[in-house]
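One letter stands for each residue in the lines below.
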Amino acid sequence: MAIKVKPGGKVLGIVLLLGAIYAGKVLWWDKRPQEAKASTEIGKVSLPDAPEASLAGNATKLELPSADEAANGGTKVSWKIMAWNSQFPLMYANGGPKTTKGSLVDKANMQIEVVRQDDCNKSVADMVKFAQDYKSNPNTPGVFASFMGDGMPMFFAALAKELEPLGPEYQPIAFYSMGKSYGEDKLMGPAEWKVDPKNALGKTVACVLRDGDMNILVKWAGDNGLRVNPDETSFDRNAINLIAANDFLDAANKYIAGYTESRKLIENGKKLAKDTTVGVDGVATWTPGDVNIAQKKGGLINIATTREYAAQMPNITITIKKFANDHRTDIENLIMALAQAGDQVRSFNDAKQFAADVSAKVYNEQNGAYWLKYYNGGEEKDAQGVNIHLGGSMAYNLADAANMFGLGDDKLDRYKIVYGTFGDILVKMYPELVPSYPVYNKVVDKSFLASVVSNHPELLTGTAIKEQYATEITKEVSSKSVQVQFETGSAVIKPESYAVLDDILKSAVVAEGLKLGIYGHTDNVGNDASNLKLSNERAESVRAYLQGKGLAAARLESKGYGASKPEADNGTAEGRAKNRRVQIVLGN
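Read on for a plain summary of the structure. The shown structure was predicted, so the numbers you read here are calculated from the model rather than taken from an experiment. (Residues numbered from 1 in each chain as written. Predicted model: local features only at pLDDT ≥ 70, side-chain atom pairs only at ≥ 80, totals over all residues. Heavy atoms only, no water.)

1. Examining the side chain of Ser181
Within the element layout of this structure, Ser181 appears in strand β6 (residues 172-181). Within the local environment of Ser181, its side chain forms a polar contact with the side chain of Asp185, the two groups lying 2.6 Å apart. Sequence-distant contacts of Ser181, that is, excluding residues within four places in its chain, are made with Trp84, Ser86, Thr306, Met313, Gly392 and Ser393. (Helix = DSSP H or I, 4+ residues; strand = E, 2+ residues; numbered from the N terminus. Polar contact = N/O pair within 3.5 Å; in protein donor to acceptor, adjacent residues only side chain to side chain. Contact = heavy atoms within 4.5 Å.)

2. Examining the pattern of salt bridges
Evaluated as defined, the whole model comprises 27 salt bridges. Asp413 is paired through a salt bridge with Lys446; the nearest N and O atoms lie 2.9 Å apart. One end of the pair, Asp413, is in the loop between α14 (398-404) and α15 (414-429); the other, Lys446, is in the loop between α16 (440-443) and α17 (447-455), and 33 residues separate them in sequence. The network of salt bridges with common partners includes Lys80, Lys122 and Asp126. (Salt bridge = Lys/Arg side-chain N within 4 Å of Asp/Glu carboxyl O.)

3. Overview of helix α4 (residues 120-136)
For α4, built from 17 residues, the straight-helix expectation of 24 Å at 1.5 Å per residue is met to within 8% by its first-to-last C-alpha distance of 25 Å. Listing the buried residues of α4 in full gives Ser123, Val124, Asp126, Met127, Val128, Phe130, Ala131 and Tyr134. In this structure, the buried residues of α4 make contact with β3 (75-81), β5 (142-148), α5 (152-163), β16 (314-320) and α10 (321-326). You can read the cap of α4 off the contacts: a side-chain oxygen lies 2.9 Å from the backbone nitrogen of Asn121, and it is on Asp119. (Expected span 1.5 Å × (residues − 1). Buried < 20%, exposed > 50% of the residue type's maximum accessible area, 1.4 Å probe, protein only.)

4. Here we look at the pairing of β3
Burial within β3 is extensive, with six of its seven residues counted as buried. In the sheet, β3 pairs with strand β4 (residues 110-116) via seven bridges, with the strands oriented parallel. What sits directly across from Lys80, in β4, is Val115. Bridge analysis of β3 against β5 gives four bridges, and the strand direction is parallel. Residue pairing in the sheet places Trp79 in a bridge with Phe144 of β5. (Pairing = 2+ DSSP bridges.)

5. Brief notes about the sheet that holds strand β20 (residues 476-482)
What the four strands build is an open sheet, ordered β20-β23-β21-β22; its pairing is mixed. Strand pairing shows two members of the sheet lacking a second neighbour, β20 and β22 (556-560), which therefore form its edges. Ignoring which end each strand starts from, the neighbouring axes of this sheet average 20 degrees apart. Direction of pairing for strand β21 (residues 515-521) relative to β22: parallel, over a ladder of five bridges. Along β22, the bridge assignment pairs Gly520 with Gly560. Packed onto the sheet, helix α7 (residues 212-223) meets β20 and β23 (581-587) and runs at close to 50 degrees relative to β20. (Axes fitted to C-alpha atoms, helices over the stretch in contact; angles between N-to-C directions.)

6. Let's talk about the environment of Ser262
Mapped onto the secondary structure, Ser262 falls in strand β12 (residues 260-267). Residue Ser262 is classed as partly exposed on the basis of its relative accessible area of 48%. Here Ser262 is in contact with Asp275, Thr276 and Thr277, once residues within four sequence places are set aside. In this structure the side chain of Ser262 is engaged in a polar contact, spanning 3.5 Å, whose partner is the side chain of Asp275.

7. With respect to the pairing of strand β7 (residues 186-189)
Residue alternation in β7 divides its side chains into two sets, Lys186 and Met188 and Leu187 and Gly189, and both sets are buried. Sheet analysis places β7 next to strand β15 (residues 301-305), joined by four bridges and oriented antiparallel. When the bridges of β15 are listed, Gly189 appears paired with Ile301. Sheet topology note: the β7/strand β14 (residues 282-285) ladder contains three bridges and is antiparallel. Paired with Met188 across the two strands is Val283, which belongs to β14.

8. What about the packing of helix α11 (residues 328-347) against α17?
Across the interface, α11 lies against α17 with an axial gap of 9 Å and an inter-helix angle of 60 degrees. The angle between α11 and α17 places the two elements in the oblique class. With respect to the hand of their crossing, α11 and α17 are arranged in right-handed fashion. The residues of α17 that touch α11, namely those facing Arg328, Ile331, Glu332, Ile335 and Met336, are Ser447, Phe448, Leu449, Ser451 and Val452. (Parallel < 35°, antiparallel > 145°, perpendicular 65-115°, else oblique. Left-handed = near helix turned anticlockwise from the far one by under 90°.)

9. Some words on the packing of aromatic side chains
Taken as a whole, this structure holds 23 aromatic pairs when the rule is applied. Ring geometry for Phe156 against Tyr419: centres 6.4 Å apart, planes inclined by 65 degrees, an arrangement best described as edge-to-face. Placement of the pair is Phe156 in helix α5 and Tyr419 in helix α15, with a sequence separation of 263 residues. Its relative accessible area of 0% is what places Phe156 among the buried residues. Taking 6.5 Å as the distance between ring centres and 65 degrees as the angle between the ring planes, the aromatic pair formed by Phe175 and Phe448 counts as edge-to-face. A residue pair is termed long-range when its members are at least 10 positions apart, and Phe175 in strand β6 and Phe448 in helix α17 qualify at 273 residues. Exposure class is identical for Phe175 and Phe448. Each is buried. Taken together, the ring pairs connect Trp79, Phe130, Tyr134, Phe144, Phe175, Phe323 and Phe448 into an aromatic cluster. (Phe/Tyr/Trp six-rings, centres within 6.5 Å; stacked < 30°, edge-to-face > 60°.)

Here it is, written out as structure tokens:
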């Protein structure tokens with residue numbers, strides 16, 4: 001016989017059932033150890049050289065443009081940029097937030113409005129809307145955007161997916177680089193991280209996740225063999241942990257304000273129900289974020305910056321493929337204008353000051369003197385009286401841009417290495433979010449730049465950036481041992497080790513501002529003299545391999561130490577194997 005339950009009884013039963021489920025969740029389910037997302041061992045990251053610019057010397061000084069807006073009837077473009085000093089060539093070339101009379105962009109018969117936009121998601125939305133509008137109306141004004149080159153794999157992955165329904169002609173492409181960060185983008189942390197990078201384990205860094213500044217952290221961590229916890233909701237004592245920021249200024253403000261948050265603890269790879277409170281120990285940011293930290297609170301020093309990782313962060317400009325191909329002459333004329341502007345900024349102080357004044361108008365923040373100061377970069381005392389280097393960017397001329405994209409004398413495509421290096425890291429750290437990223441040759445179109453380089457050799461006469469390296473390394477930024485296989489008793493590298501050496505090459509390419517030390521070590525089998533000789537020869541073989549791949553001889557330093565610096569016990573076979581190693585040091 002069925003039992004009828006009154007409506008009130010049904011409600012009570014449901015309430016009791018839900019209460020039991022909730023109690024079970026709180027008292028058992030939430031307290032059980034959960035699998036934590038594994039902290040990522042990045043591995044050593046190699047990047048190309050990118051030297052410091054000196055005055056071009058060969059540049060002819062141009063008259064500064066007027067303040068009056070141009071009305072040339074040329075191609076219209078809205079150019080979205082973040083507040084970043086690497087854009088001085090654009091500021092000079094355009095003459096103002098909108099193209100002015102007599103400016104290089106005016107002479108190129110274009111009308112550009114430069115708009116500050118720090119939100120990458122908004123830039124994706126703007127580019128998608130532009131592509132949609134352009135497909136239905138070819139007279140739609142163009143949209144360009146400029147971003148950190150090492151962050152482009154994430155940006156391209158998101159944008160390419162959004163644009164897929166429009167067809168292959170409406171995919172995004174990168175076509176130029178007008179400059180780069182040269183010190184202002186950085187990882188800032190306590191001084192003890194510099195003394196021993198392992199002091200950063202169990203600490204936190206505030207940054208924009210999956211962004212260029214986070215890449216400085218992961219490169220430095222990888223070069224020093226430190227793991228990074230990619231999950232911003234948990235805390236791993238044996239890794240560097242990330243605190244998500246909305247933008248680069250928010251990252252700095254979280255440190256300044258003493259921000260804290262609650263995190264789930266990770267123990268033995270399990271996320272526990274037990275919480276801990278964490279604050280902000282370090283910050284990855286750029287100017288004026290670094291300036292705000294120094295002036296408002298202090299206490300952090302530069303751990304790693306784009307002064308050392310000098311090829312990591314070129315300023316990359318993109319648009320939609322169809323628009324670029326439809327306006328090929330405009331794009332090439334624009335590249336010529338930006339190249340000439342780079343030479344002007346590099347060669348003449350009043351041109352640099354002019355670009356700084358335009359920057360203040362575009363960014364609607366501070367004044368020209370501020371942006372000029374932090375374009376140049378320099379040391380000042382922070383709020384706690386500690387000296388710290390703040391700012392630092394670089395304008396490119398045509399020769400610099402050619403070198404970045406593999407169109408220079410050494411044919412080394414630095415940006416391809418940067419793009420692939422940080423794209424691979426992104427996939428490794430966030431496989432669910434970014435399972436893949438667009439292939440380099442699909443999103444980088446060098447044909448516009450190649451045409452200018454080939455047809456206008458007169459624009460290549462400006463002195464390209466040349467990095468100056470110390471005779472020998474006296475200060476290490478990172479150090480890591482690698483196992484390079486040699487033929488028994490000789491310095492001949494086995495082919496199976498070429499991949500290891502190619503990874504070192506990539507890391508060195510990104511860290512173009514640092515000298516690369518190659519130090520050979522042996523175990524204690526045999527006599528000291530023969531071990532020392534063999535270690536020297538093996539270090540020299542690695543040096544010759546890397547030089548043959550395009551690294552400048554002045555960057556490379558090789559030495560052998562024989563068995564004098566063991567890192568493991570020579571009394572065991574395992575220890576002796578560890579001691580037969582090549583140590584790779586990036587430093588200055």
